[in-house]
Amino acid sequence: MLKKTLDVNLWEDSLSELLSAIQNQVEVTLTLDGVPLAKVLPFSSTEKKVIKDEKMLKPRIAGGWEGQIWMADDFDDECAEINALFYGENE
């Protein structure tokens, strides 16, 4: 993958250049005064196809792990020993 660096101080002048680079599958590093801030990566061709086909991500459905996870009945009960460690209380 090709790589390019753009300084955000020149953002207004570089926006069209940034978008063009992304469309051409170029990885862009955004910098501020020469210090790297972020990488902008183009979607791969398979990711583009998924987004194009599905338009939006499907919402998650609650209960997908039902029956596969066990949680103790007292999992959220307070413990005097741990509270003493957090709050500096002497027992």
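Residues numbered from 1 in each chain as written. Predicted model: local features only at pLDDT ≥ 70, side-chain atom pairs only at ≥ 80, totals over all residues. Heavy atoms only, no water.

(A) Local environment of a nonpolar patch on the surface. On the surface, I82, F86 and Y87 cluster together to form a nonpolar patch covering roughly 400 Å² of accessible area. Within the element layout of this structure, Y87 appears in helix α3 (residues 80-87). (Patch = residues over 30% accessible without salt bridge, like charges linked within 9 Å, V, L, I, M, F, W, Y side chains within 5 Å. Areas by Shrake-Rupley, 256 points an atom, 1.4 Å probe, with all protein chains shown as cover. Salt bridge = Lys/Arg side-chain N within 4 Å of Asp/Glu carboxyl O. Helix = DSSP H or I, 4+ residues; strand = E, 2+ residues; numbered from the N terminus.)

(B) Just the packing of aromatic side chains, in detail. Across all of its chains, the model carries one aromatic pair by this definition. Geometrically, the ring pair formed by F86 and Y87 is tilted, given 6.5 Å between the ring centres and 50° between the ring planes. Across the pair, Y87 and F86 agree in class, each one exposed. (Phe/Tyr/Trp six-rings, centres within 6.5 Å; stacked < 30°, edge-to-face > 60°. Buried < 20%, exposed > 50% of the residue type's maximum accessible area, 1.4 Å probe, protein only.)

(C) Here's a closer look at the pairing of strand β3 (residues 35-40). Of all six residues making up β3, only zero are buried, and the element is barely covered by its neighbours. Summarising the sheet, strand β2 (residues 26-32) and β3 pair through five bridges and their orientation is antiparallel. Following the sheet pairing, T29 is matched in β3 by K39. Where β2 folds back onto β3 in an antiparallel hairpin, the turn is made up of two residues, including D33, whose phi is positive at roughly 55°. (Pairing = 2+ DSSP bridges.)

(D) Looking closely at the pattern of salt bridges. If you walk through the whole model with that rule in mind, you get one salt bridge. For K39, the salt bridge is made with E27, and the minimal N-O distance between the two is 3.5 Å. One end of the pair, K39, is in strand β3; the other, E27, is in strand β2, with 12 residues separating them in the sequence. Under the relative-accessibility criterion, E27 is labelled buried at 11%.

(E) Structural view of the nonpolar core. The biggest cluster of nonpolar side chains holds five residues, and these are L18, A21, V26, V28 and L30. Ignoring sequence-local partners within four residues, the contact set of V26 consists of L2, K3, K4, A21, V40 and P42. (Core = buried A, V, L, I, M, F, W, Y, C linked by side-chain atoms within 4.5 Å. Contact = heavy atoms within 4.5 Å.)

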